[in-house]
Every structure is written in structure tokens, then in C-alpha cells.
Amino acid sequence: MNENELVLKSINQLMDYSFFIPSYQRGYRWTEKQVEELLEDIWAFAINPPKQEEGKMRPFYCLQPIVVKQKNGKADEWEVIDGQQRLTTVFLILKNLESQIEKDQKNINRVFYETREESEKFLTEIKEDDSEKNIDFYHISQANKAIQQWFKNKANNTEFATPKAKFATTFLTDTKVIWYVINDGSDSYDIFTRLNIGKIQLTNAELIKALFLKKWNNAEAVDKLRLKQLQIATEWDRIENTLQDNSFWYFIYNKPDSKNPKYANRIEYIFDLMKNKPDGEDEKYTFYKFYEDFEISKNKNKYKIPDTDTLWLSVKKYFLTFEEWYKDRELYHLIGFLISINYRLQDILEPKKNNVKITITSKTDFKAFLKDEIRQKVKFDISNLNYGDDRIKTVLLLFNIQTILSNDKSNMRFPFNLYKNEDWDIEHVRSQTDKNITGTDRKEWAKDMLEYFTGFAEESEQKQYIDTIENNDIEVFRTISEKEQSKNTLTDLYHVAYADKIDDARFSSVYNTIRIEFKEDNEPSKCAISNLALLDSATNRSYKNAFFPIKRKIILQNDKRGTFIPICTKNVFMKAYSKKFDEVMYWNKHDADFYLKAIEGTLVDYLPQKQVSNDNE
């Protein structure tokens, strides 16, 4: 098993090597600003180093990875696949620190190029007169000037008269690079392309995996270790494959945004949780913490080999915990709900009450804790909620989840992956009759109305239906009895739908007629929670400002096609919560009242007791 290797190397260690820059690498392009930012970061570390904690590694400043492959089988010669820009900058800084380095080897042994042979000489003996000969020389020269000027500024503008002396120690011994050696036979150019097209960085997960699968030289322990590493590699793949299943992943994680990074390797989320990575921390923070764990473990072992078994077991425990939650239907829904409303997973893994960590010894107690946390999230009177209040989405999500949970004979699960990726939001059950329909939306509205009243989707069939309505014994409208008036109403709809230009007066007139037909000219409160439901954004957009029967029709069509419709939303449009079934196609105050009581009754274990009504009739 030729796994890639990873270690941290100090700048001092790099000085023993020679580096080959292949032809596919571009020339040096770091700007003066980039060089100065690096110098300032290292300087800040030098003058104010973090304190070393007892039993921990000595703090160090870490550069981004340098990815290499051994060249020609020589132990001290490396082909640079990624990190050439950093490496060249390191060379230039060392060049300016030569007076502070007492050993014979004062810089990296050699940096040589496949096609730009003259660059090696210029880098070693920078001559300003030659800096304009090509673009590579120019950028190398400018970077070198920036370094020289930076040290002069520090000497003249700080308390340090000899800043190079202060800087040199930190740079040589306490500045390290992530040294990533490719041993698996991968093509160098393929790796370079992956890392640099779109700037795909080595992830924490890849770096941590290299720690677990690193080769060790102690013959006495190596055979046992390699068998363990084979097991880790297999289990790693199983964990990652499970996390790549969106139904599992979005149960414990939310859609990526400014607070939730997008993980290329989802196992990295487990690593971040294990190390409790703070927001805004260095992107390699988690890797550094794992590296420290490996170093501490290695130093405790007589073979100077880390106890990968124990270290890996701690990773597995996290994953197996998530897997146990996922398989338990009640835990899946309780935890999935809390995560969906941005409750920290870390606070579920390490429960607290009043900011004090508590110990939970049974699954029953754990579920009781989760339910109590949910109660704290809906500790308000829902009857007073109106459209625009973010808490409505929380209540309706919980309503759907608890409806599913209340049926212990069902295997149905709420799809958190669809909820998060389809941007579900709040939709009005009845139309917003005070919200004007404008532009081409009026045509779409009229076409929906025509299809509803005529039963036909094609224009020609609708036209034929209107022309022959006198011969049709079916009553088209509830509020219009005369055939001629029904024909005029349908003709107005047809004109709005298909005329080149919409007659505003005609639209307004027919809109009001249809609004009265569907009883949406009055009753119930349009923006109360009793007139709101949870729905995916695609279906929501297709509604526009449709009346209840049209929305109901779209819901049933989507459900028939297999589109997931939240169970409570479907129940609303099927009028499953209503006790009166005389007007299935209309949504009135009675329906809204029954719907509100259904929400309160279903969430009786979570909502404040004073607001729950016992009258479900």
C-alpha cells in the first residue's frame, strides 16, 4: 500500500533539499503585497508567540502545503507539484537572512527548472540590470526588493534595530510547511491540474488521512500498523460514502452558506466537530490540531509511532453516534428539526443546561432533553403570528415533523435534504387578494382559470367550449346562473389570456368576478398562520397569486407526479383538518380555525399550555 505521506517540516529542514520545477508550472508571480503580508504574519508570530501549553507541541507558524514527488529516486531531490510560489518566496527570504545563518548551508540547496534554466541563476544571483529581460525575472526582482525594504522599515520604525535577527529564529525553526509527498503513483501533471484549475486546495480531510496512513520505519511494529491502516482506509471510505448520501448528510448539516462551509470531503465535518473549530479560524486549524494529537501520541509510544487505533476510534465514535441517531426514527426527527433551525450539533453532542454541561445516561433522557430544547424554540403564542415572522416556518416545520412522528405505525421520514435544498418557504393557502397581479402574470392567471372552468388546457378547445356553452347543460359558475353572462365571463378570461394587449379594465372586472366566485373577496385573515403552509419554492412560484382551487389542483397534480408535498400542506388543501365538507373547493374562516386547532393539538407537547385549546370540534 503506497499511500501518500504527510509531515510538518521547518524551513531549516527544507534547506537540505533541491527542488525541480517542471515545465507545466508557471513562472513566479507573487506580488509585493503578498510577500509583505507573509512577512508581517511571521513577524507578528515572532514578537508575540502563543504560549506553549503543558504537554502540547511548541507553537509554530504554518505555511500552506507544498506537494512534492521524489525525483530520480534521490532522497534529497524533489519535484514540486504545488507550492512553487511559496517555495520561491522562502528562498528569497532566506537569501536576505544569510547574514543571520551561521551554518554552511544558508539557503535551499537548489531550485532548478525544466525549461527556464536561466531562472535558477537569476534567483541565486539577482541582478537588477537583468530584471527586465523577462517577466519571471521582473517578479523575482520586485519580490526581493519588497523583502529588503520591509526589513529596512522594521529597523527604522520599530524598537528592533536588527529585525533580521529576531525574524530569523522564528522563520528557520518555528515556521513550518505542510510537506505532502505523493507516493501512490499518480501522474504529477494530473495532480497539478486538480490543485490549480479552480484552485482546489488540499482539504483538511486529505491531510488528516495522510496522517493516519503515513508510513513508519520501525520494523517491529510496522506490520501490525499496516494492517490497521488498511482497516482505517476501508472504514474511512464507508464513512465518507454514508455522509455523501444526502438523506443522511442533511439530517446533521444545513445547506452551505456563510456560516456553513461546503465540504468536498464530508468526513471533514466530523473532524471540525471533534476539534470544535471556531468560526473564522485558520482554514487548516483542524489539521494542525490532529497533527498535534499524532505528535503527542507518537512521543508516548516506545516505537515513536502514534497510536492510530485509539486516534481512529475517536473518529468512529462520532460517526457511529450519528448513525445511531439516523436509524432511530424519533431521534432522526427531533435532531433533524433542531439542526434545521440552526441549533448547534455540538450542543447536542455535549448537552448543557443554563450553560452547564449535563450528563445524560439513557436514550429516554436524551429524547427528553431534545424535546425540552424544542419547547424553548416555540415558547410563544402561535395564534398571534403573521406572515413575515420567521417563527412561522419553525412552527410549520415542527407541525409536519410531529404529524409524521405521531403515527408510530408508519415508516415515513421527513426529507430534510429536500427541505434544505429546495428552499422551502411559507405559502398562503388563500390568495393574497390585496396583492396586485401585473404584467404577463395576468395572462398566466387567466389561462389557469380557463383550464379550471372549461376542463381544457389547449386554446382551441377552450375557444370551442366557450362558443358552444349555450348547448352545455353543466353549470360553470356557482355565482352566475345565466348562460350568456357565463359566456361573457369566460370570453373576458380568454381575451386576457390570448390577446396581444391586455385590457386593464377587462382584467380588473373579470378578476373581481372570479374572486367572488371562489369566495376570496372576504374572510379569513390572509396573513395569519391559519392561512399559511409550508411548500417548496418551485411549486410556490408556480402558484403566483392563484385562488384556493387552483392551488389545490397544482398540489394534487404534483403529488400524483411524485413531487414530495409536506404532509400537512397536502392535508390543508385536501381540507383534512376541516369538519365541514360542504364546500371542498373553498377556504373559509371555519377551515382556518380548524387548521389552527390542528396545529395546536399536534404540538400540544411543545407549545405553552395556556394557548392549547381542548375544543377540537
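The rules behind the values
Residues numbered from 1 in each chain as written. Predicted model: local features only at pLDDT ≥ 70, side-chain atom pairs only at ≥ 80, totals over all residues. Heavy atoms only, no water. Helix = DSSP H or I, 4+ residues; strand = E, 2+ residues; numbered from the N terminus. Rg over C-alpha atoms; globule rule 2.2 N^0.38 Å. Contact = heavy atoms within 4.5 Å. Areas by Shrake-Rupley, 256 points an atom, 1.4 Å probe, with all protein chains shown as cover. Patch = residues over 30% accessible without salt bridge, like charges linked within 9 Å, V, L, I, M, F, W, Y side chains within 5 Å. Salt bridge = Lys/Arg side-chain N within 4 Å of Asp/Glu carboxyl O. Lys, Arg positive; Asp, Glu negative; His and termini not counted. Charge placed at Lys NZ, Arg CZ, Asp CG, Glu CD. Axes fitted to C-alpha atoms, helices over the stretch in contact; angles between N-to-C directions. Parallel < 35°, antiparallel > 145°, perpendicular 65-115°, else oblique. Nonpolar A, V, L, I, M, F, W, Y, C, P; charged D, E, K, R; others polar. Pairing = 2+ DSSP bridges. Core = buried A, V, L, I, M, F, W, Y, C linked by side-chain atoms within 4.5 Å. Buried < 20%, exposed > 50% of the residue type's maximum accessible area, 1.4 Å probe, protein only. 1 Å grid on protein atoms, 1.4 Å probe; cavity = no way out; pocket = protein on both sides within 12 Å on 5 of 7 lines; lining within 4 Å. Points joined across faces, edges and corners; volume = space filled by probe spheres on them. Expected span 1.5 Å × (residues − 1). Polar contact = N/O pair within 3.5 Å; in protein donor to acceptor, adjacent residues only side chain to side chain. Left-handed = near helix turned anticlockwise from the far one by under 90°.

Draft legend 1. Quick look at the overall build of the protein chain. Assigned secondary structure in the protein chain consists of 26 helices and ten strands. Taken over the C-alpha trace, the protein chain has a radius of gyration of 34 Å; the compact-globule value for 617 residues is 25 Å, which it surpasses by more than 25%. Overall, the C-alpha framework of the protein chain stretches about 105 × 65 × 50 Å when taken along its three principal axes. Put simply, 71% of the contacts in the protein chain that link residues at least 6 apart link residues at least 24 apart. A total of about 30,800 Å² of accessible surface is found on the protein chain, and carbon and sulfur atoms cover 44% of it.

Draft legend 2. Structural context of a negative patch on the surface. Side chains of E32, E36, E37 and D41 sit close together on the surface and give a patch of like negative charge. Position of D41 among the secondary structure elements: in helix α2 (residues 32-47).

Draft legend 3. Expanded view of the packing of α2 against helix α6 (residues 163-173). Direction vectors running N to C along α2 and α6 enclose 90 degrees, while the axes themselves pass 9 Å from each other. For the element pair α2 / α6, the angle class is roughly perpendicular. Only P163, K166, F167, T170 and F171 of α6 make contact with α2, whose side of the interface consists of L39, I42, W43, F45, A46 and I47. When the residues that make up the contact of α2 with α6 are grouped by side-chain class, the tally is nine nonpolar, one polar and one charged.

Draft legend 4. Quick peek at the sheet that holds strand β2 (residues 18-21). With mixed pairing, the six strands of this open sheet are ordered in space as β1-β6-β3-β4-β2-β5. Strand pairing shows two members of the sheet lacking a second neighbour, β1 (5-10) and β5 (110-113), which therefore form its edges. Recorded for the sheet is a direction-independent mean angle of 35 degrees between the axes of neighbouring strands. As paired strands, strand β3 (residues 61-70) and strand β6 (residues 175-181) are joined by six bridges and run parallel to one another. Within β6, the residue paired with L63 across the bridge is V177.

Draft legend 5. Seen up close, the nonpolar core. Formed by 155 residues in total, the largest nonpolar core has its most connected members in F167, W179, F212, I270, F287 and I348. Considering each element in turn, this core owes the most residues, nine residues, to helix α17 (residues 391-405). The residues touching F212, leaving out its near neighbours within four places in the chain, are Q229, I232, W236, F294, T308, L311, W312 and V315. Formed by 28 residues, the second largest nonpolar core is a distinct cluster that contains I437, I466, I514 and F518.

Draft legend 6. Looking closely at the layout of surface pockets. Put simply, the largest pocket is a space of about 1,000 Å³. Taken together, 35 residues line the largest pocket, and the ones lying closest to its centre are Y253, K259, N260, P261 and Y263. Elements that contribute at least two residues to the lining of the largest pocket include exactly α11 (267-274) and α15 (345-349). Take the lining of the largest pocket: its biggest share by element is four residues, from α11.

Draft legend 7. Representation of helix α12 (residues 285-300). Between its first and last C-alpha atoms α12 spans 23 Å; for 16 residues at 1.5 Å apiece the expected length is 22 Å, and the two agree. With respect to burial, α12 is a largely interior element, 13 of its 16 residues being buried.

Draft legend 8. Fine view of the pattern of salt bridges. Tallied over the entire structure, the rule returns 33 salt bridges. With its nearest N and O atoms 2.8 Å apart, the salt bridge here joins R442 to D504. Of this pair, R442 sits in helix α19 (residues 441-454) while D504 sits in helix α22 (residues 504-517), placing them 62 residues apart in sequence. For R442, a relative accessible area of 15% translates into the label buried. Put simply, K575 and D591 hold a salt bridge, and the shortest N to O gap is 2.8 Å. In this pair, K575 is assigned in the loop between α25 (567-573) and α26 (589-602) and D591 in helix α26, connecting sequence segments 16 residues apart. Under the relative-accessibility criterion, K575 is labelled buried at 3%. A residue is classified by how much of its surface remains accessible, and D591, at 3% relative accessible area, is buried. Salt bridges sharing partners connect three or more residues here, namely E324, D328, E330, K363, K367 and K371.

Draft legend 9. Structural detail: the side chain of K551. Within the element layout of this structure, K551 appears in helix α24 (residues 548-560). Looking at K551, the relative accessible area reads 1%, which means it is buried. A distance of 2.6 Å separates the side chain of K551 from the backbone oxygen of H428, its partner in a polar contact.

Draft legend 10. Here's a closer look at the pairing of β3. Burial analysis of β3 places eight of its ten residues in the buried class, the great majority of the element. Across four bridges, β3 lies against strand β4 (residues 77-82) in antiparallel orientation. Bridged to Q70 within β4 is W78. Here β3 folds back onto β4, and the loop between the two strands holds six residues, one of which, N72, carries a positive phi near 55 degrees.

Draft legend 11. Structural detail: helix α13 (residues 308-327). For α13, with 20 residues, the first-to-last C-alpha span of 28 Å sits near the 28 Å given by 1.5 Å per residue. For α13, the full list of buried residues reads T308, L311, W312, V315, K316, Y318, F319, F322, E323 and W325.

Draft legend 12. Representation of the packing of α12 against α13 within the structure. For the pair α12 and α13, the least separation of the axes is 10 Å and the interaxial angle reads 145 degrees. Read as a crossing pair, α12 and α13 show a hand that is right-handed. Here α12 contributes F290, D293, F294 and S297 to the contact with α13, which in turn contributes T308, L311 and V315. The residue makeup of the contact of α12 with α13, split by class, is four nonpolar, two polar and one charged.

Function-wise, these values are silent; they only describe arrangement.
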